[in-house]
Amino acid sequence: MAQVPEYVRIVEEVFERYRGKPFVYVGTYRQRWDAVAKVTGKALFTTDFLKFYKNVVWVHSVRTKYAHAIIKNIDVSRAAKYPGVLRVVTAKDIPGVNDVGYVIPDQPLLATKKARYIGEIIALVIAEDPYVAREAGDLIHVDYEPLPVYTDPLQIVDLDTLKEKPHTRIHEERDSDIVAHFKIRAGDVEKALKEADVIVENKYRTPMQEHAYMEPEAAVAIPEQDGGVTVITSTQCPFDARKAIARVLNMPQSMVRVIAPFLGGGFGGKEDVANEIGSKAALATYLTGRPAVAIHTREESIIGHSKRHPMVTWYRHAAKKDGTLLSVEANIVLDTGAYASLGPFVAWRATVHATGPYRVRNARIDTIAVYTNTVYSGAFRGFGNPQVAFAVERQMDILAEELGIDPVDLRLKNILRAGDRTVHGQLLTEEHGVGIEEAIKKAVEAADWYNKRRLYTRQTGPIRKGIGIALMYHGNSIGVEGADYSSATIIINRDGSITFRTGLTDMGQGAVMGLVMIAAEILGAPPEWFRVELPDTSSTPDAGPTVASRSTVMGGNATLVAAYKLRKRLNEVASTILGCSPDDIEIKAPDVYCRSDPSRKTTWNEVVEQSFWLGVPLQEFGYFRAPKARWDEETGQGEPYITYTFGAIVSEISVDIETGQVSVDKIITAYDIGKVINPIGAELHAEGGSIQGMGYALMEEIIHDINGVVRNNNLSTYYIPTIKDAPEIIPLWVEAGYKRGPFGAKGLGEPSIVAIAPSIVNAVSHALGIRFNEIPIPPHKIYLALKREGKTRL
Amino acid sequence: MAGSETVIQEYPDIAIRLNVNGRDYVVTVKPYERLIDVLRYKLGFTSVKEGCGRGECGACVVLMDGKLVPSCLVLAIRANGSKIVTLEGLAPEGKLHAIQKAFLDTLGVQCGFCFPGVIIATKYLLDRVSDPSDEDIKNYLEGQLCRCGSYLRFIKAVKLAVKYIKEGKIYFDLKEVKG
Ligand code: FES
Ligand code: FES
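Everything quoted here is computed from the prediction, not taken from an experiment. (Residues numbered from 1 in each chain as written. Chains lettered and ligands numbered in written order. Predicted model: local features only at pLDDT ≥ 70, side-chain atom pairs only at ≥ 80, totals over all residues. Heavy atoms only, no water.)

A. Representation of the domain arrangement of chain A. Residue and element names in this part refer to chain A. Parsing chain A into structural domains produces domain 1 (6–30 + 485–625), domain 2 (46–147 + 217–295) and domain 3 (311–479 + 631–788). When each unit is reduced to the centre of its C-alpha atoms, the spacing between domain 1 and domain 2 is 40 Å. Contacts between the two partners involve 17 residues from domain 1 and, on the opposite side, 21 residues from domain 2. For the pair domain 1 and domain 2, the two sides together bury roughly 1,300 Å², of which 59% comes from carbon and sulfur. Inspection of the domain 1/domain 2 interface yields one salt bridge. Linking Arg257 and Asp536 is a salt bridge whose minimum nitrogen-to-oxygen distance equals 2.7 Å. Applying the counting rule to domain 1 against domain 2 returns three residue pairs in polar contact (both at pLDDT 80 or more). Taken together, the residues that form the side of domain 1 that touches domain 2 break down as seven nonpolar, seven polar and three charged. (Domains from an automatic or database assignment. Contact = heavy atoms within 4.5 Å. Buried area = accessible area lost by both parts, 1.4 Å probe. Salt bridge = Lys/Arg side-chain N within 4 Å of Asp/Glu carboxyl O. Polar contact = N/O pair within 3.5 Å; in protein donor to acceptor, adjacent residues only side chain to side chain. Nonpolar A, V, L, I, M, F, W, Y, C, P; charged D, E, K, R; others polar.)

As structure tokens, this is what we get:
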């Protein structure tokens, strides 16, 4: 047996010690640390820093005109001579490695031989003025030899065999356009099929979704006196950005400093594109010695950053008459577009979650990610899970229909409970916290499910109501995808104020506030005393990437460890002042006293001051590394994640059968997140995830034409929900504590979107008695389906 | 084409007069410059955010002579002589306007990128409709996109702002809020 590391013991000890006890700060509604700055307009986002710099140069990206073509020649001579242009940059001007690929090195910063999608960058124009840069960009002449353009993954592979079809290879440097293949082989599917009473088999499609964060990507680079460069950029992963920029500039990472200021939304989209835009600004600074800024327009943002992978899939579920699931099979094709980005990881996560939160003993799952000539896909809130959850939850509803069982009852019969094994053979115990049954019960009760389900089954008139449910689970943190560590620093200053540093970014959903509340609880000092320092690779510790809903669990554990160690020291110092034992010290800052005799008391500031005199250091670094995940490549057996967040969503909708217009009336979300640390943050996640998921279900889809050109590259053609679309949202919580999470907490960032779309589509299918197996379902699609089935008069 | 290579230098510098948040400024601009860039980069009012540059997202809205306009669609020269209010000018230094206080108290802040626009649009709404219905609020804020999805909080915030204003609480001391 390997030794349990100290930090794991601390987390477990704190979990046991606080279990069932009242909390002072955790679980309370509080103003977040950055709220005042954000309502007064003082919060600085990347481009806002520009007002502090003079003598700035502007970087414009010249992009390809063809989605798939060989680049025969690039002529920049006219652009270079254009008045106001300082420099035109092509690949040969890059001092280091011309690559910004995230998982595999397949993505050049500046294309040399080939364009593979419509956002591909050929050259950069550096000029005194953004308008000049753009005008000069038009003077760059490129000779292309166009190649066939593939915009549908089924042009590359066959869904039945998952084999490559003959086509012009998109990545000619690799031996296949299939980037990744993951499998699950569990039990005996053939036998299950023979024993089955019902078999449900369907194909599903989910769209390419755009993050549409309100702040387009940007970077400001500043030259440093030693030849290094500081880059302020909108990134979720400052340490990854630093690594990428250092490689492009051929500099040691110590010479590159990346600062991630407030982010105007991320949702997974500000990972690889930040490496790209950060590198572009840094390169301009390196070449000109002046501050440089690169800002993507909304159109560039849409054609130039990663998306949610479109999915095409085939599923087969087999079950007994009583509803017991016997087997699940699936062929899943994810379109990763022109570059892999995080595609392989997304495909892996999709595979792990491909059977949903159910007891499935027999399974055969094959997931592949393939290249096409569409905008590349990568991370997006949910990371492969929303796609498979849509298919699985539609399958469950169709199965329920075939069996004549209520969808809730069918699910209750099959869900994972403590003591069950997942499809990967992972034993779930009380220590993981398995709260899905409770989540279903809460959501179903709040929705008055059984009544409404019956009531809505026979309706007449133009407006039809429907109610639908969907379940989800979501593995916490990154599993086998990478080095799964996190860290945080807490410094108590001599005046008693507290500095908090983490390399995890706050995309806006308030994750960092949760960390502060954890530290506050342990230290006994109010969250308002903390000053958060935003990620800066020169001062904040490397906390790993801000992805995979890992902030609360991983960042939270690192924070907890740091706070715990400091608290121990504070107790000891207080004990020397007060004369009672360290274990007897209670801190309710500003008061510090002996629990056994509260009249023996001192103050927080006195304890801090004494610590300085006694030479007790009041800064601490907390580190946490997740236990190693296990995964067998051939069978998909192992322990893919440390634990899972569970959820049940019930949606109610009305649909106008004369127009096909759906309005979502109510969404009830019940999530088991172990322990609610920051309730307002959790509620906002539930609300924001619901609204984004609603967009995914009803309106959002990036459309490429046959030439690979994006048809809807701005916000008037790519629709996202507005205030008029927002339904009533009722967030409910289950707290089935996870023993190795901070106070039992699990992540919510990504889970909050996963099961929204299927719950809505299940409700629409319920209202109309029509099976929808594709999203989005905008009015025209619903109307056509109604027409096809003769269900509308018009 | 030959001409276009020199044309840029022929664009004249034009001096315009703006009153922003109660102060007068004279700025020199190119004829093609947008109001948003002048406000942000020449005058430093960076609460005005750019989310799309095409009048689609509402992040850049300001009050121009009392009207709600997307500053990304206004040429700076067209704004000559006008009075502009941005989020920075909603309350005197050290104070919060009732609307800002209400947006704080309803705890809806997420990334906050959309907030300046949403707050300014709310000011515009409350200048016209003193006691707006849900319907009014949705109509006036429909152009303000928020991808973090704080919409439900906006509705609550507007109502709370109405309440504060009715109670005669127009400004709040920033210190008390932070304390
Ligand atoms: S930036 Fe002006 S409306 Fe979007
Ligand atoms: S709070 Fe992030 S866009 Fe509105």
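Moving on, there is more to tell.
B. The arrangement of the sheet that holds strand β23 (residues 619–625) of chain A in detail. Residues and elements named next belong to chain A. Spatially, four strands are ordered β19-β18-β17-β23 in an open sheet, and the strand pairing comes out mixed. Only two strands of the sheet have a single neighbouring strand rather than two, namely β19 (530–533) and β23. Going across the sheet, the axis of each strand differs from the next one's by a mean of 20°, ignoring polarity. With respect to the sheet, helix α14 (residues 511–523) is in contact with β17 (485–492), β18 (498–502) and β19, its orientation differing from that of β19 by roughly 140°. (Pairing = 2+ DSSP bridges. Helix = DSSP H or I, 4+ residues; strand = E, 2+ residues; numbered from the N terminus. Axes fitted to C-alpha atoms, helices over the stretch in contact; angles between N-to-C directions.)

C. Focus on the side chain of Lys280 of chain A. Residue and element names in this part refer to chain A. The residue Lys280 is located in helix α7 (residues 272–288) in this model. Take Lys280: its relative accessible area is 0%, and that puts it in the buried class. Sequence-distant contacts of Lys280, defined by excluding residues within four places in its chain, comprise Val59, Ser61, Arg63, Leu109, Ile121, Leu124 and His296. (Buried < 20%, exposed > 50% of the residue type's maximum accessible area, 1.4 Å probe, protein only.)

D. View of the interface of chain A and chain B. The interface of chain A with chain B comprises 66 residues on the first partner and 56 residues on the second. Of the roughly 5,000 Å² buried where chain A meets chain B, counting both sides, 61% is carbon and sulfur surface. A per-residue breakdown of the area chain A buries against chain B is headed by Val39, Met214 and Ile723 of chain A, which together make up 16% of the total. Our enumeration of links across chain A and chain B arrives at seven salt bridges. Among the ionic pairs, Lys724 of chain A bridges to Glu142 of chain B, the shortest N-O distance being 3.4 Å.

E. Broad picture of the packing of helix α10 (residues 385–403) of chain A against helix α11 (residues 407–414) of chain A. All names here are of chain A. Direction vectors running N to C along α10 and α11 enclose 110°, while the axes themselves pass 9 Å from each other. One finds that α10 runs roughly perpendicular with respect to α11. Where α10 crosses over α11, the two elements pack in a sense that is right-handed. Along its contact with α10, which presents Glu393, Met396, Asp397, Leu399, Ala400 and Leu403, the element α11 presents Pro407, Leu410, Arg411 and Asn414. (Parallel < 35°, antiparallel > 145°, perpendicular 65-115°, else oblique. Left-handed = near helix turned anticlockwise from the far one by under 90°.)

F. How the structure looks around the domain arrangement of chain B. Residue and element names in this part refer to chain B. Here chain B is partitioned into domain 1 (14–89) and domain 2 (95–176). In this assembly, 17 residues from domain 1 lie in contact with 13 residues from domain 2. Across the domain 1/domain 2 interface, buried area totals approximately 1,200 Å², and carbon plus sulfur atoms make up 70% of it. Interface area lost by domain 1 to domain 2 is led by Leu63, Leu68 and Leu87, which between them contribute 42%. There are zero salt bridges connecting domain 1 and domain 2. Run the count over domain 1 and domain 2 and you get three residue pairs in polar contact (both at pLDDT 80 or more). Of all the secondary-structure elements, those providing two or more residues to the side of domain 1 that touches domain 2 are β3 (61–64) and β4 (67–70). The residue inventory of the side of domain 1 that touches domain 2, partitioned by class, reads eight nonpolar, five polar and four charged.

G. How the structure looks around the pairing of strand β1 (residues 14–20) of chain B. Residues and elements named next belong to chain B. Pairing of β1 with strand β2 (residues 23–29) involves seven bridges; the strand directions are antiparallel. Across the sheet, Leu18 pairs through a bridge with Tyr25, a residue of β2. Between β1 and β2, which follow one another and run antiparallel, lie two residues, and Asn21 among them has a positive phi close to 50°.

H. Local environment of the layout of surface pockets. Reported here for the largest pocket is a volume of approximately 1,200 Å³. In terms of lining, the largest pocket is formed by 47 residues, of which the most central are Leu50, Trp58 and Pro130 of chain A together with Asp37 and Tyr41 of chain B. Secondary-structure elements contributing two or more residues to the lining of the largest pocket are β1 (57–63), α4 (130–137), β12 (292–295) and α8 (298–304) of chain A together with β2 and α2 (35–42) of chain B. Split into classes, the residues belonging to the lining of the largest pocket amount to 19 nonpolar, nine polar and 19 charged. Within this model, the second largest pocket holds a volume of roughly 940 Å³. For the lining of the second largest pocket, the elements supplying multiple residues, two or more each, are α2 (35–39), β11 (256–259), β18 and β19 of chain A together with α7 (174–178) of chain B. Here the lining of the second largest pocket takes four residues from β19 of chain A, the largest share from any one element. Residue assignment places the lining of the second largest pocket across two domains, with domain 1 (6–30 + 485–625) and domain 2 (46–147 + 217–295) of chain A each supplying three or more. (1 Å grid on protein atoms, 1.4 Å probe; cavity = no way out; pocket = protein on both sides within 12 Å on 5 of 7 lines; lining within 4 Å. Points joined across faces, edges and corners; volume = space filled by probe spheres on them.)

I. Molecular detail of the nonpolar core. Counting residues in each nonpolar core, the largest one holds 194 residues, and the members touching the most others are Tyr315, Ile440, Ile760 and Leu768 of chain A together with Phe103 and Phe154 of chain B. Among the nonpolar cores identified, the runner-up in size contains 58 residues, and Ala558, Tyr564, Val608 and Tyr738 of chain A belong to it. (Core = buried A, V, L, I, M, F, W, Y, C linked by side-chain atoms within 4.5 Å.)

J. Layout of the pattern of salt bridges. In the structure shown here, the tally under the stated rule is 64 salt bridges over all chains. The salt bridge involving Asp366 of chain A is made with Arg364 of chain A; its shortest N-O contact spans 2.6 Å. In this structure, Asp105 of chain B engages Lys101 of chain B in a salt bridge whose closest nitrogen and oxygen atoms are separated by 2.7 Å. Within this pair, Asp105 of chain B and its partner Lys101 of chain B are both found in helix α3 (residues 98–105), separated by four residues, close to a single helical turn. On the basis of relative accessible area, Asp105 of chain B is assigned to the partly exposed category, the value being 30%.

K. Quick peek at helix α20 (residues 779–788) of chain A. Residue and element names in this part refer to chain A. Of all the residues in α20, the buried ones are Ile782, Ala785 and Leu786. All buried residues of α20 fall inside an arc of 100° around its axis, so they share one side. The exposed residues of α20 that point more than 90 degrees off its buried face are His780, Leu784 and Arg788. Tucked inside the fold, the buried residues of α20 contact β26 (644–656), β27 (661–672) and α19 (756–768). Backbone geometry just after α20 places Gly790 at a positive phi near 65°. (Arc of directions from axis to C-beta.)

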